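The lines below spell out each chain.
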Amino acid sequence: MGSHGHTPVKGILLGSKTSSVLARTSIPLLVIRHKFYQKPGRTEVGVCLDGSEYSPAVLTFIKRRLPLFAKDARFHLINVASPQNGLLIPEVSAFGAPALSSEEFEKEQRDPFFKIARPFEKYMQEKGHEVVEALLTGDPAAQISMYAQEHNLSLMVMGTHGGSSLRIMMLGSVTMSVASQTKLPMLLVHHDDPTLLRDLSKEE
């Protein structure tokens with residue numbers, strides 16, 4: 001679907017019709033932004049993975065629908081970790097237990113990403129596609145948008161829970177925040193897509 005796109009302040013970010021379809025269907029939805037201009041060069045696909053239940057659905061979709069992507073497509077697996085906050089001081093945590101070091105704190109966040117990303121990387125490399133791990137730290141939406149600009153991404157693939165139009169409009173959504181900060185086409189994959197659920201169950 002095409003989308004004019006608004007800032008969250010002006011109204012529904014992806015347009016009323018697009019948001020309505022996204023809220024009412026579980027199939028993946030490709031949203032094309034009207035001001036997007038693709039610079040010449042290799043197809044660079046950003047894939048946002050946070051280790052949640054949405055991430056396996058995103059990777060399964062790409063594997064099962066690989067012909068939809070360019071033959072020269074390079075996939076950037078993007079994971080954003082939160083910086084260590086002030087409660088996790090080196091000596092002791094707020095709960096009286098030994099606190100995690102900054103390295104341990106980051107590892108706790110990255111491990112779910114590595115668990116699903118590494119098998120995907122191997123699969124894609126066997127199919128002739130280059131895969132890049134982008135390990136970022138900070139505000140997810142800001143870091144993802146900055147990375148997309150710096151690496152001239154052609155498409156952003158993200159998972160979404162779907163749900164009501166109200167949930168689609170929520171400003172706290174990373175997906176919606178990224179959409180407000182970039183003009184990239186966005187492929188939104190529902191984690192409860194029945195076709196993907198069947199594929200995921202087979203892999204398990």
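Residues numbered from 1 in each chain as written. Predicted model: local features only at pLDDT ≥ 70, side-chain atom pairs only at ≥ 80, totals over all residues. Heavy atoms only, no water.

> Describe the overall build of the protein chain, naming the residues involved and giving the relevant values.
Along the backbone of the protein chain there are seven helices and seven strands. Put simply, the protein chain runs from its N terminus to its C terminus through helices and strands in the order β-α-β-β-α-β-α-β-α-β-α-α-β-α. Counting over 204 residues, the protein chain shows a buried share of 41%. Residue pairs in contact within the protein chain that sit at least 24 positions apart in sequence constitute 75% of those at least 6 positions apart. With an accessible surface of roughly 11,100 Å², the protein chain has 57% of that area assigned to carbon and sulfur atoms. (Helix = DSSP H or I, 4+ residues; strand = E, 2+ residues; numbered from the N terminus. Buried < 20%, exposed > 50% of the residue type's maximum accessible area, 1.4 Å probe, protein only. Contact = heavy atoms within 4.5 Å. Areas by Shrake-Rupley, 256 points an atom, 1.4 Å probe, with all protein chains shown as cover.)

> Tell me about the pairing of strand 6 (residues 155-160), and name the residues and values.
Along any regular strand the residues' side chains alternate between the sheet's two faces. Within strand 6, six of the six residues are buried, leaving the element largely enclosed by the surrounding structure. Where strand 3 (residues 44-48) and strand 6 come together, three bridges link them in parallel fashion. If you follow V47 over to strand 6, its bridge partner there is V157. Where strand 6 lies against strand 7 (residues 186-190), five bridges are found, and the strand directions are parallel. Bridge pairing in strand 7 places G159 opposite V189. (Pairing = 2+ DSSP bridges.)

> So what about the pattern of salt bridges? Which residues, and what values?
Across all of its chains, the model carries seven salt bridges by this definition. For E44, the salt bridge goes to R74, with nearest N and O atoms at 2.5 Å. Residue E44 is found in strand 3, and its partner R74 is found in strand 4 (residues 74-81); the two are separated by 30 residues along the sequence. Overall, the relative accessible area of 7% leaves E44 in the buried class. Note that K107 and D111 form a salt bridge whose closest N and O atoms lie 2.9 Å from each other. Here the residue K107 and the residue D111 both occupy positions in helix 3 (residues 102-126), the gap between them amounting to four residues, near one helical turn. The structure contains a network of salt bridges with shared partners spanning R42, E44, R74 and E130. (Salt bridge = Lys/Arg side-chain N within 4 Å of Asp/Glu carboxyl O.)

> Outline the packing of helix 2 (residues 54-64) against helix 3, supporting the account with residue identities and numerical values.
Helix 3 packs onto helix 2 with a crossing angle of 5° between their chain directions and a minimal axis gap of 11 Å. Here helix 3 runs roughly parallel to helix 2, going by the angle between their axes. Residue-level contacts link S55, P56, L59, I62 and K63 of helix 2 to I116, F120, Y123 and M124 of helix 3. Classifying every residue of the contact of helix 2 with helix 3 gives seven nonpolar, one polar and one charged. (Axes fitted to C-alpha atoms, helices over the stretch in contact; angles between N-to-C directions. Parallel < 35°, antiparallel > 145°, perpendicular 65-115°, else oblique. Nonpolar A, V, L, I, M, F, W, Y, C, P; charged D, E, K, R; others polar.)

> I'd like to hear about the side chain of R74, residue by residue, with values.
Reaching out from R74, the side chain makes a polar contact with the side chain of E44 at a distance of 2.5 Å. One polar contact links R74 to E130, side chain to side chain, over a distance of 3.3 Å. Sequence-distant contacts of R74, defined by excluding residues within four places in its chain, comprise R42, T43, E44, V45, E130 and V132. (Polar contact = N/O pair within 3.5 Å; in protein donor to acceptor, adjacent residues only side chain to side chain.)

> Tell me what's going on with the environment of Q84, and back it up with residues and numbers.
Looking at the element boundaries, Q84 is found in the loop between strand 4 and helix 3. Sequence spacing of Q84 and F105 is 21 residues, and the spatial spacing of their C-alpha atoms is 6.8 Å. Not counting the four nearest positions on each side in its chain, Q84 is found in contact with L100, S101, S102 and F105.

> Mind laying out the packing of aromatic side chains, listing which residues take part and the relevant values?
Taken as a whole and assessed by the stated rule, the structure comprises two aromatic pairs. In this arrangement the basic side chain of K63 is found over the ring face of Y123, its NZ or CZ atom lying 4.9 Å from the centre. (Phe/Tyr/Trp six-rings, centres within 6.5 Å; stacked < 30°, edge-to-face > 60°. Lys NZ or Arg CZ within 6 Å of the ring centre and 35° of its normal.)

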